[in-house]
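If you want the building blocks of each chain, they are given just below.
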Amino acid sequence: MTTAQYAFSLLLAAALMPAGASGSELQKVVVKGKQDPSTVVVKGVRDPSAWFRIESQHMIVYSDDDPDDVIELVNNLERLDYLLRLYLKPFMDEQEAMPKPTLYFLKGRVSWPPEIGEEMPFAIGMANSCVSATQVFIYSAGKSWKLQNSSLLHAEDDYTLMHSLWLYSENFLRRHTRIRGPAWFMTGFVAYFGGVRFTDTQMAIGRDAGTSYNWLQAIDEGRAGGRLSFDDVLDFKPTSKPVAYQSAEYYERWEFMGRAFNLMHYMLSSEENRGRMAKYLDAVNNGADSGAAFAEIFGLAGRDLDAAMWRYRRMSLQILQVDVPTLPRADIDFTRLSRIEGEFVLDNAVLKTCPAPTQGGKLLARLTVAAATAPAVDFAQTALSRAQVEWGDPRAAIGYLSRAVDNDPYNPELHYLLGGAYAKLAENAGAKKPDLLALAQASLMQASVLAPEAPETSYALFRVALMGTAPAEKDMGKAITAWRHGYDVPAYARMAALAYAWLGDAADSYQAFNTLVRDNGNPESAAWAASWLARLERGVPRDELLTAMRRENSAPPGFRAWMDGGR
């Protein structure tokens, strides 16, 4: 791999423009005096904890780490977000707005609340998407240094930054697009964009995120044996299970990651190749074999493909250093949490990972005791209310939530939870069910007005409609809206696919089902969708579709992706 410096001549140089001027400039506040590239507004509290909250243009962040380091991470992630939007624009819907994911930068390996479920032994990060939220968790692996132009092309060991960029890239791809395969593309994409590095005025692109490419170089130099051809890589389906260190499967996985990065670098190396990439992904999306589609569209297969990729990585695979003096800066709203609020941060996060009912019950019991010591702390009481709505008696939550929406009428989360409480009560309300559903719908509609981009609210409105006697076409539209604002949540895709079918929209129904079928990371939903596609080919009456939607109303598990420290 070679390096080169370029003056504003990236693959998409014409698109690299200023992100857009903001209105009146916010007051700049220095937290510790080091972070120049951000506009930071700081809100303080008495009796502060180590925990703080940051909100920027495209994300919400909680952390107990060094504020300067986290602000620098957010700067890098905002710049990555900008870059990903440029590259993925042809594959993204024109949503008016998208919800912000919540990221947790954790100081070292914390002791997770047990209700989060089984943890991968060597995990250094995790992304979780379900009907409650999209969240990314990253363990700090050390100090995050601010990069300088003079050292941008040098190898560096900022693993916290690498892990953050990797997980954000993966989640962005799943959340904003319907691309779910092939497996090599998903792997190569995050390796390519996880390796991007930024300064205030430049970026380096073309470096592998991690060291798998080093293994491919070792194979080229005869220091290791190769196990895979590029034809193998194109049709490779890696297992999600951990593999034994230094086993044959271990080295095969590393080789796969290195060759996937090689293919991705080649695919993004020219405008012509990027055009072919769009045709290739479209073909695979419509059921074509990955290897056959690559051979047809790129004209390479077998030994010719192996030779072409060898020549490319020996002669053309470069890390480019590009002048981009107008890289976007993060506009940061910084809030220090109180000591008591800090004690509820991780519990509140686990609540939104959609834990299993048995774990949810345990979490409710623990939160009931903990929140009793903080009756005047809204952060604690809101977390308890969410647990009560999901796994306890929703009547216990309605009192607090009703007072809370009166005191803070512009908070969409409070209206959402109050609507959920009424909906939960309606499940076994008998003659009172219609009145309770009307109250649920009113609260959820208010939440939707305040945050129209929130998919969980659209999904909740759809579920409330299913509890009634005769859902209408506009109700089916709520399921579709939820999916379009949260492609990463399998439950949204399931309901949208069935809703499209109920509406008689065969083409969009197929696309939604097919998105699930092609998702190697979620075999349960893939099998469910494949079964439904087979049924729909034979014809399914509308009432059966409605019955299926009501059965699905108990939301299936979300999507969870761990990042292994072995990368």
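Residues numbered from 1 in each chain as written. Predicted model: local features only at pLDDT ≥ 70, side-chain atom pairs only at ≥ 80, totals over all residues. Heavy atoms only, no water.

Draft legend 1. Looking closely at the pattern of salt bridges. With the rule as written, the count across this model stands at 21 salt bridges. Residue R85 is joined to D81 by a salt bridge in which the shortest nitrogen-to-oxygen separation is 2.4 Å. On the criterion of helical spacing, the pair formed by R85 and D81 is a turn pair, its members being 4 residues apart in helix α1 (residues 67-88). The class of R85 is partly exposed, set by a relative accessible area of 27%. Across the pair R366 and D347 runs a salt bridge whose closest N-O atoms are separated by 3.0 Å. Of the two residues, R366 sits in helix α12 (residues 357-371) while D347 sits in helix α11 (residues 345-351), which places them 19 residues apart along the sequence. Using a relative accessible area of 33% as the deciding quantity, one classes R366 as partly exposed. Linked by salt bridges that have partners in common, D47, R339 and E343 make up one network. (Salt bridge = Lys/Arg side-chain N within 4 Å of Asp/Glu carboxyl O. Helix = DSSP H or I, 4+ residues; strand = E, 2+ residues; numbered from the N terminus. Buried < 20%, exposed > 50% of the residue type's maximum accessible area, 1.4 Å probe, protein only.)

Draft legend 2. Region of the structure containing the state of the cysteines. Evaluation of the coordinates by the stated rule reveals 1 disulfide. Each sulfur in the disulfide pair C130 and C354 lies 2.1 Å from the other. Measuring handedness by torsion sign, the sulfur bridge of C130 and C354 sits at about 80 degrees and is right-handed. Remark: C354 occurs in the loop between α11 and α12 and C130 occurs in the loop between β6 (123-129) and β7 (134-139); sequence separation between them is 224 residues. With a relative accessible area of 2%, C130 lands in the buried category. Residue classification places C354 among the partly exposed residues on the basis of a relative accessible area of 29%. (Disulfide = S-S within 2.5 Å.)

Draft legend 3. Spatial organisation of helix α9 (residues 302-315). Between its first and last C-alpha atoms α9 spans 20 Å; for 14 residues at 1.5 Å apiece the expected length is 20 Å, and the two agree. Where α9 is buried, its residues meet α4 (212-220), α5 (230-234), α6 (248-267) and α8 (290-298). (Expected span 1.5 Å × (residues − 1). Contact = heavy atoms within 4.5 Å.)

Draft legend 4. Examining the nonpolar core more closely. By size, the foremost hydrophobic cluster in this structure holds 115 residues, and its most contacted members are I54, W184, F185, F189, F193, Y280 and F294. Per-element accounting of this core gives the leading share, 11 residues, to α6. Beyond its immediate chain neighbours, meaning those up to four positions away, F193 contacts L80, L83, L84, Y87, L165, S169 and L268. Within the second largest apolar cluster, 34 residues are counted, among which are A496, A499, A529 and A548. (Core = buried A, V, L, I, M, F, W, Y, C linked by side-chain atoms within 4.5 Å.)

Draft legend 5. Looking closely at helix α7 (residues 271-285). Taking 1.5 Å per residue, 15 residues should reach 21 Å; α7 reaches 21 Å between its end C-alpha atoms and fits that length. Looking at the packing, one finds that the buried side of α7 touches α3 (183-194), α5, α6, α8 and α20 (506-517).

Draft legend 6. Summary view of the confidence of the model for the protein. Mean pLDDT over the protein works out to 87, with 87% of the residues at or above the 70 mark. Low confidence marks residues 6-37, where pLDDT is under 50. Its contacts with residues over four positions away, or in another chain, come to 72 contacts. (pLDDT = per-residue confidence, 0-100.)

Draft legend 7. The arrangement of the packing of helix α14 (residues 395-407) against helix α15 (residues 412-426) in detail. Contact geometry for α14 and α15: axes closest at 9 Å, N-to-C directions at 150 degrees. Here α14 lies roughly antiparallel to α15, going by the angle between them. The chirality of how α14 crosses α15 is left-handed. Across from R395, I398, L401, S402, A404 and V405 in α14, the residues of α15 making contact are L414, H415, L417, L418, A421, Y422 and L425. When grouped by side-chain class, the residues that make up the contact of α14 with α15 number 10 nonpolar, 2 polar and 1 charged. (Axes fitted to C-alpha atoms, helices over the stretch in contact; angles between N-to-C directions. Parallel < 35°, antiparallel > 145°, perpendicular 65-115°, else oblique. Left-handed = near helix turned anticlockwise from the far one by under 90°. Nonpolar A, V, L, I, M, F, W, Y, C, P; charged D, E, K, R; others polar.)

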